[in-house]
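# A closer look at the structure
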Amino acid sequence: MNYKTLTINTALPSKPRAKVMIIYTGGTFGMVHDSNGVLLPFDFSLILEHLPTLRNLFLEITVISFEDPIDSSNIEPAHWQMIGAMINEHYDRQDGFVVLHGTDTMAYTASALSFMLQNLSKPIVFTGAQLPISEPRSDARENLITALEIASARNGVKAMVPEVCIYFDYELIRGNRAKKVESMHFDAFESENYPSLAKAGVKIDYNEAVIQAGSESKLMLHSKFDTNVSILKLFPGINQDAVKSIIGNPTMKALIIETFGSGNAPSAPWFIRLLKESINQGLLILNISQCPGGMVIQGKYETSRALEEIGVISGVDMTLEAAVTKLMLLLGEYGGERARELINKPMAGEISNL
Ligand code: ASP
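The structure reproduced in this document is the subject of the present report. Every chain is numbered independently, its residues counted from 1 as its sequence is written. With the structure being a predicted model, the display of local features is reserved for residues of pLDDT at least 70 and the display and counting of side-chain atom pairs for 80 or more, all residues being used for whole-chain, interface and lining totals. Side-chain descriptors were evaluated using all non-hydrogen atoms of the structure, hydrogens and water having been removed beforehand.

Here a helix means four or more residues in a row that DSSP labels H or I, a strand means two or more in a row labelled E, and each is numbered from the N terminus. Within the secondary structure layout, Lys 122 lies in the loop between strand E7 (117–118) and strand E8 (124–127). Buried charge without a salt bridge: Lys 122, with Asp 92 as the nearest opposite-charge side chain at an N-O distance of 5.2 Å. Under this definition, polar contacts are N or O atom pairs within 3.5 Å; protein pairs additionally need one hydrogen-donor-capable and one acceptor-capable atom, and for neighbouring residues in sequence, both atoms have to be side-chain atoms. Looking at Lys 122, its side chain comes within polar contact range of the main-chain oxygen of Tyr 91, at 2.8 Å. Within polar-contact distance, the side chain of Lys 122 engages the backbone oxygen of Gln 94 at 2.7 Å. Residue contacts are counted whenever heavy atoms from the two residues lie within 4.5 Å of one another. Residues in contact with Lys 122, not counting those within four places in the same chain, are Tyr 91, Asp 92, Gln 94, Asp 95, Ala 159, Val 161, Pro 162 and Glu 163. Categorising residues by exposure relies on relative accessible area from a 1.4 Å probe, with only protein chains included: less than 20% of the type maximum marks a residue as buried, more than 50% marks it as exposed, and the intermediate range marks it as partly exposed. When charges are counted, Lys and Arg are positive and Asp and Glu negative, with His and the chain ends excluded. In the sections that follow, a salt bridge refers to a side-chain nitrogen of Lys or Arg positioned within 4 Å of a carboxyl oxygen of Asp or Glu.

This part covers the site of the ligand. Inspection of the region around the ligand gives Gly 27, Thr 28, Asp 71, Ser 72, Gly 102, Thr 103, Asp 104, Ala 129 and Gln 130 as its neighbouring residues. The separation between an oxygen atom of the ligand and a polar main-chain atom of Thr 28 is 2.9 Å. A distance of 2.4 Å separates an oxygen atom of the ligand from a polar side-chain atom of Thr 103. Each accessible area is a Shrake-Rupley result for a 1.4 Å probe, and residues are judged covered by the shown protein chains and nothing else. Surface burial for the ligand is 90%, taken as the share of its 260 Å² of free accessible area covered by protein chains. Amino acids are sorted into nonpolar (Ala, Val, Leu, Ile, Met, Phe, Trp, Tyr, Cys and Pro), charged (Asp, Glu, Lys and Arg) and polar (every other residue, Gly among them). Looking at side-chain class alone, the shell around the ligand contains one nonpolar, six polar and two charged residues. Working definition: residue near molecule or strand if any one of its non-hydrogen atoms lies within 4 Å of it.

This part takes up helix H7 (residues 302–310). Along H7, the residues classified as buried are Ser 304, Leu 307 and Ile 310. Projection of H7 onto a plane perpendicular to its axis shows the buried side chains occupying an angular sector of 120°, all on one side. Exposed and facing more than 90 degrees away from the buried side of H7 are Glu 302 and Glu 309. On its buried face, H7 sits against strand E19 (254–259), helix H6 (269–280) and strand E20 (284–289). Phi for Gly 311, located one or two positions after H7, is positive at around 100°. Picture the helix axis, draw a direction to every C-beta atom, and the arc is the one those directions span.

As structure tokens, this is what we get:
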């Protein structure tokens, strides 16, 4: 997997306000229709033709791009590693980063990066678009311009938002609290169980009280992932064969069970027994609710008490996207035992500290 550096002549101002790097990975944002009407990634070096106003931001903008920009449904941990390496390599020279990424899996990549980049003191702002920049009504222009503003915003001498976040449709949200909730309208993302970091109107209103403080320590990049993670989504009527087909996988090291409401599951003895046997054999089982708001409280109802008793770990109010990526990173970096200890401890603001 390769990347290329694109030179974009933004008529560099003699005194740029800040230096921002754009990392272009693909997605709808940069697509154009070919002669058959099929959407294909465009040549990002033509961005100024689509967005001449980039010149008026008084920023020094450098763009690096995936050699082959991709639809984000094809994103894998190798791409997270590549984005992490790009940020790490250029971190000292830049004031902030904007990552252009497809919306489909943006919440996963933003979550992964939030765990990979420890001791962050600069903004990493993900954005994309629901309509390609080549379309007259595209949301790409506003999303990119404001993401660049946020990536360069300062609060005194420090960065205003030293977090991995997603800017989309006039709202800035923490990356590891984000969920894609809409594929047709422009408001593609929602923040689960955490307030917005900022709202953009005539000016950008930052909610400073909920933005994490930047770190004074040196940036550290963690990038080992172990993908032996699975998800079991519960539904009324789920039967033993369905559960066994997932839980019986011998290479799996961690399983997320997507439960109902505040972390509830069927109390059927066969179900509890299957989970218990797997936990006894070393499987890490994490309880994440299917319900987008609220949190898992094991033991609140009879239907979650057994989960607590057999050693299922509560994922509290983490999103599924944060849980998957955090498990992969913890397993990859530290192995199963340590992952079990760390999975429900806050790492990057992804879980409420109860
Ligand atoms: N399929 C596209 C992607 O995620 C959708 C988008 O960018 O909005 O890459």
